[in-house]
Amino acid sequence: MTASVGIGVLGAGRMGSIHARLIARSVPEAHLAGIADLNREAARRLARELGEPPTFGSIEELLASPRVDVILVATSSNRHLEAIRAAAAAGRDVLCEKPIALTVSDTLAAISAADAAHIRLQVGFMRRWDPDYLKAKARLASGALGRPTLFKSLQFDAEPPPIAFADPAVSGGIMVDMGIHEFDLARWLMADEVVEVHAYGSTVAHPALATVGDVDSAVVNLRFSGGATGTVELARSTTYGEDVRTEVLATAGSVWIGHLPFSHGSWSGGDAGGVLAADGTDPAVPRFEAGYAAQTRGFVRAIIDDQPVAVTGPDGVAALKIALAADQSVRQGQPVAV
Ligand SMILES: NC(=O)c1ccc[n+]([C@@H]2O[C@H](COP(=O)([O-])OP(=O)(O)OC[C@H]3O[C@@H](n4cnc5c(N)ncnc54)[C@H](O)[C@@H]3O)[C@@H](O)[C@H]2O)c1
């Protein structure tokens with residue numbers, strides 16, 4: 001492998017654009033070797049902004065380029081499996097946005113294709129690379145805080161996605177699309193497995209989501225194998241912007257990871273208007289920019305050092321199983337074993 005790894009970005013939408021910009025700017029061990037999208041113009045637009053790397057209209061064309069060493073998959077989630085299969089057949093390592101696929105069987109098929117071709121497959125759980133989450137993980141893993149007893153995490157998006165994206169057939173729906181990050185954190189931070197979930201969902205904020213069979217807000221209670229409990233709250237929109245927070249209580253301490261600064265007085269509405277009144281954050285810096293860049297750097301380092309990737313296919317399967325159980329629980333109105 002050359003000193004600078006050539007990354008081909010597949011998908012020039014919202015997430016592919018973020019990744020491509022970060023590769024160009026914040027991943028010194030790699031360079032942007034190509035951008036592909038079925039919407040060729042989207043790929044060209046992004047390329048113009050980033051020093052004109054070659055653009056392509058399909059994964060096949062991208063993989064045909066000898067300059068493309070590895071692939072970063074940022075296509076719609078229902079198109080990940082075909083991309084991983086094609087990359088595996090071409091012997092290219094893959095960093096795949098979450099979820100690896102929308103069903104357990106498709107996820108296992110992706111992992112099998114990667115294993116059979118001896119390529120690396122890393123899943124894009126970028127919170128595991130975020131400096132604040134890493135600090136919390138290190139504190140918990142040190143044992144100094146005792147035994148984790150309660151996990152609490154919330155993820156509220158600023159704006160609801162277009163219905164065509166939110167459609168569970170495309171994104172997996174709120175549990176698989178959004179919740180999967182929290183379910184992965186639950187396993188990782190608690191160092192335990194979730195064995196049962198009980199979830200509720202509603203479409204009060206965005207009734208249109210019901211037309212594609214999904215909800216806009218949900219709460220998911222978690223039971224861990226070691227006896228701990230947890231809760232995850234999800235929402236497709238707020239009036240004040242994106243909000244991502246996680247807490248873990250433990251027998252001898254606790255960790256808090258939050259987008260919002262700690263304060264006795266944060267508020268939305270009134271004299272603050274529709275935004276949250278709080279000091280200390282720069283809304284111009286996307287919350288997980290450092291995490292996305294570190295994630296890609298971690299993937300590239302694994303390749304350069306010929307090491308396995310840190311966040312694996314089985315991590316993707318485990319988090320997906322929790323998300324699917326939560327989705328089932330909303331539909332059935334009952335607890336569901338994972
Ligand atoms: N980790 C995160 O925080 C995070 C955030 C948002 C999205 N995502 C993930 O990123 C992925 C993309 O989401 P998005 O919001 O960028 O979606 P998007 O709809 O904005 O972009 C997807 C792009 O992929 C292209 N595309 C679809 N199928 C293709 C194919 N077979 N070949 C080539 N191009 C194809 C589309 O034309 C589109 O430009 C999803 O898997 C999503 O779950 C992750």
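Just so we're clear, the structure is a prediction, and the values are computed from it rather than from any experiment.

Novice: What exactly am I supposed to notice about the packing of helix α4 (residues 80-89) against helix α5 (residues 104-116) here?
Specialist: For any two helices packed against each other, the geometry comes down to the angle between their axes and how far apart the axes lie. As a packed pair, α4 and α5 sit with axes 9 Å apart at the nearest point and diverge in direction by 10°. Here α4 lies roughly parallel to α5, going by the angle between them. On α5, the residues touching Leu81, Ile84, Arg85 and Ala88 of α4 are Asp106, Ala109, Ala110, Ala113 and Ala114. Class assignment of the residues belonging to the contact of α4 with α5 gives a composition of 7 nonpolar, no polar and 2 charged.

Novice: Which parts of the structure should I look at to understand the site of the ligand?
Specialist: Around the ligand lies a shell of 22 residues, among which Met15, Asp37, Ser77, Lys98 and Tyr292 are the nearest. In the model, an oxygen atom of the ligand is placed 2.9 Å from a nitrogen or oxygen of the Arg14 side chain. Notes on the ligand: free accessible area 850 Å², of which the protein chains cover 85%. Breaking the shell around the ligand down by element, the ones donating at least two residues are α1 (14-26), α4 and α9 (173-190). Of the residues in the shell around the ligand, the class split is 7 nonpolar, 8 polar and 7 charged.

Novice: I'm lost on the packing of aromatic side chains in this one. Help?
Specialist: Any two aromatic rings considered together are summarised by their centre-to-centre distance and by the angle between their planes. In the structure shown here, the tally under the stated rule is 1 aromatic pair. Considering the side-chain rings of Tyr133 and Phe288, the 6.4 Å spacing of their centres and the 40° angle between planes classify their relative orientation as tilted. Of the two residues, Tyr133 sits in helix α6 (residues 131-141) while Phe288 sits in the loop between β14 (276-277) and α10 (289-304), which places them 155 residues apart along the sequence. We note that Tyr133, like Phe288, is buried. Here the basic side chain of Arg14 rests over the ring of Phe165, its NZ or CZ set 5.1 Å away from the ring centre.

Novice: Hey, could you run me through the environment of Gly253 in this one?
Specialist: Considering the arrangement of structural elements, one finds Gly253 in strand β12 (residues 253-258). Separated by 114 residues in sequence, Gly253 and Arg139 have C-alpha atoms that sit 9.5 Å apart. Setting aside residues no more than four positions away along its own chain, Gly253 makes contact with Leu145 and Val248.

Novice: Honestly, the sheet that holds strand β8 (residues 194-202) in this entry has me stumped. Any pointers?
Specialist: Whenever strands of a sheet pair, they do so through backbone hydrogen bonds, lying parallel or antiparallel. Spatially, 7 strands are ordered β12-β11-β7-β10-β9-β8-β15 in an open sheet, and the strand pairing comes out mixed. The open sheet has two free edges, formed respectively by β12 and β15 (336-337), since each of these has just one partner strand. Note that strand β7 (residues 148-156) and strand β11 (residues 243-250) share 8 bridges and pair antiparallel. Within β11, the position partnered with Ser153 by the bridge is Thr246. Together, β7, β8, β9 (217-224), β10 (229-235), β11 and β12 form the strand contacts of α9, whose direction differs from that of β7 by roughly 155°. Against the sheet, helix α11 (residues 313-332) makes contact with β8, β9 and β15, and its axis sits at roughly 50° relative to β8, the strand it touches most.

Novice: What is the right way to read the packing of α6 against α9 from this model?
Specialist: Axis separation between α6 and α9 bottoms out at 9 Å; the angle between their running directions is 35°. Counted together, Tyr133, Leu134, Lys137 and Leu140 of α6 and Leu185, Trp188 and Leu189 of α9 form the full contact between these two elements. Of the residues belonging to the contact of α6 with α9, the class tally is 6 nonpolar, no polar and 1 charged.

Novice: Whenever I open this one, the side chain of Asp327 confuses me. Can you help?
Specialist: Summarising the element assignment, Asp327 is placed in helix α11. Residue Asp327 is classed as buried on the basis of its relative accessible area of 18%. Within the structure, Asp327 has its side chain in polar contact with the side chain of Arg331 (distance 2.8 Å).

Novice: Would you mind going over α4 with me for this structure?
Specialist: Note: α-helices contain 3.6 residues per turn, so residues at a spacing of three or four share the same orientation. In terms of residue burial, α4 counts as a mostly covered element, since 7 of its 10 residues are buried. Among the residues making up α4, those that are buried are His80, Leu81, Ala83, Ile84, Ala86, Ala87 and Ala88. Buried residues belonging to α4 abut β1 (5-10), α3 (59-64), β4 (70-73), β5 (93-97), α5 and β6 (121-124). Positive backbone phi, at 70°, marks Gly91, one or two positions downstream of α4.

Novice: Just to check I follow, could you spell out the side chain of Ser153 for this structure?
Specialist: With respect to the helices and strands, Ser153 occurs in strand β7. Among the polar contacts made by the side chain of Ser153, one reaches the main-chain carbonyl oxygen of Arg245 at a distance of 3.4 Å.

Novice: Explanation requested: unusual backbone geometry in the structure shown.
Specialist: Negative phi characterises most residues that are not glycine, and trans characterises most peptide bonds. At the junction of Lys98 and Pro99, the peptide bond is cis and its omega measures out at -15° in the coordinates. Looking at where Pro99 falls in the secondary structure, it is placed in the loop between β5 and α5. One non-glycine residue, Glu52, lies in positive phi territory at about 55°. Within the secondary structure layout, Glu52 lies in the loop between α2 (40-49) and β3 (55-56). Judged by relative accessible area, which is 54%, Glu52 ranks as exposed.

Novice: Is there a simple way to think about the pairing of β7 in this case?
Specialist: Residues in a regular strand project their side chains so that they alternate between the two faces of the sheet. The pairing of β7 with β10 spans 7 bridges and is parallel. Residue pairing for β10: Phe151 is matched across the bridge by Gly230.

Novice: Where do I start with the sheet that holds strand β2 (residues 30-36) in this structure?
Specialist: Strand order in the open sheet made by the 6 strands is β3-β2-β1-β4-β5-β6, with parallel pairing throughout. Among the strands making up the open sheet, the edge pair consists of β3 and β6. Of the pairings in the sheet, the one linking β1 to β2 comprises 6 bridges and is parallel in character. Opposite Gly8, over in β2, you have Gly34 as the bridge partner.

The rules we used
- Numbers given to residues run from 1 along each chain, matching the order in which its sequence is written.
- Reporting in this predicted model follows two pLDDT cut-offs: at least 70 for local features of residues, and 80 or more for side-chain atom pairs to be given and counted; totals over whole chains, interfaces and linings ignore these cut-offs and use all residues.
- Values shown for side chains rest on all heavy atoms present in the structure; no hydrogens or waters enter the calculation.
- The convention used is that axes are lines fitted to C-alpha atoms, helices contributing only their stretch in contact, and that angles between N-to-C directions extend from 0 to 180 degrees.
- Each helix is a run of H or I in the DSSP string that is no shorter than four residues. Each strand is a run of E no shorter than two, and both are numbered from the N terminus.
- Our angle categories are set so that under 35 degrees counts as roughly parallel, over 145 as roughly antiparallel, 65 to 115 as roughly perpendicular, and the remainder as oblique.
- Here a residue-residue contact requires only that any non-hydrogen atoms of the pair lie within 4.5 Å.
- In this classification, Asp, Glu, Lys and Arg are treated as charged, Ala, Val, Leu, Ile, Met, Phe, Trp, Tyr, Cys and Pro as nonpolar, and every other residue, Gly included, as polar.
- Think of it this way: one heavy atom of a residue within 4 Å of a molecule or strand is enough to make that residue near it.
- Throughout this description, a polar contact denotes any pair of N or O atoms lying within 3.5 Å of each other; where both atoms belong to protein, one of them has to be capable of donating a hydrogen while the other can accept it, and for residues adjacent in sequence the pair is counted only when both atoms sit in side chains.
- Residue-level accessible areas treat just the shown protein chains as cover; the underlying method is Shrake-Rupley with a 1.4 Å probe.
- Aromatic pairs are defined between Phe, Tyr and Trp rings, using the six-membered ring for Trp, whenever the two ring centres lie within 6.5 Å; interplanar angles under 30 degrees are classed as stacked, those over 60 as edge-to-face, and all others as tilted.
- Only protein chains enter the accessibility calculation, which uses a 1.4 Å probe; a residue whose area is less than 20% of its type maximum is buried, one above 50% is exposed, and one in between is partly exposed.
- When the NZ atom of lysine or the CZ atom of arginine is within 6 Å of a ring's centre and also within 35 degrees of its normal, the charge is said to sit over that ring.
- Following DSSP output, two strands are said to pair if at least two bridges run between them.

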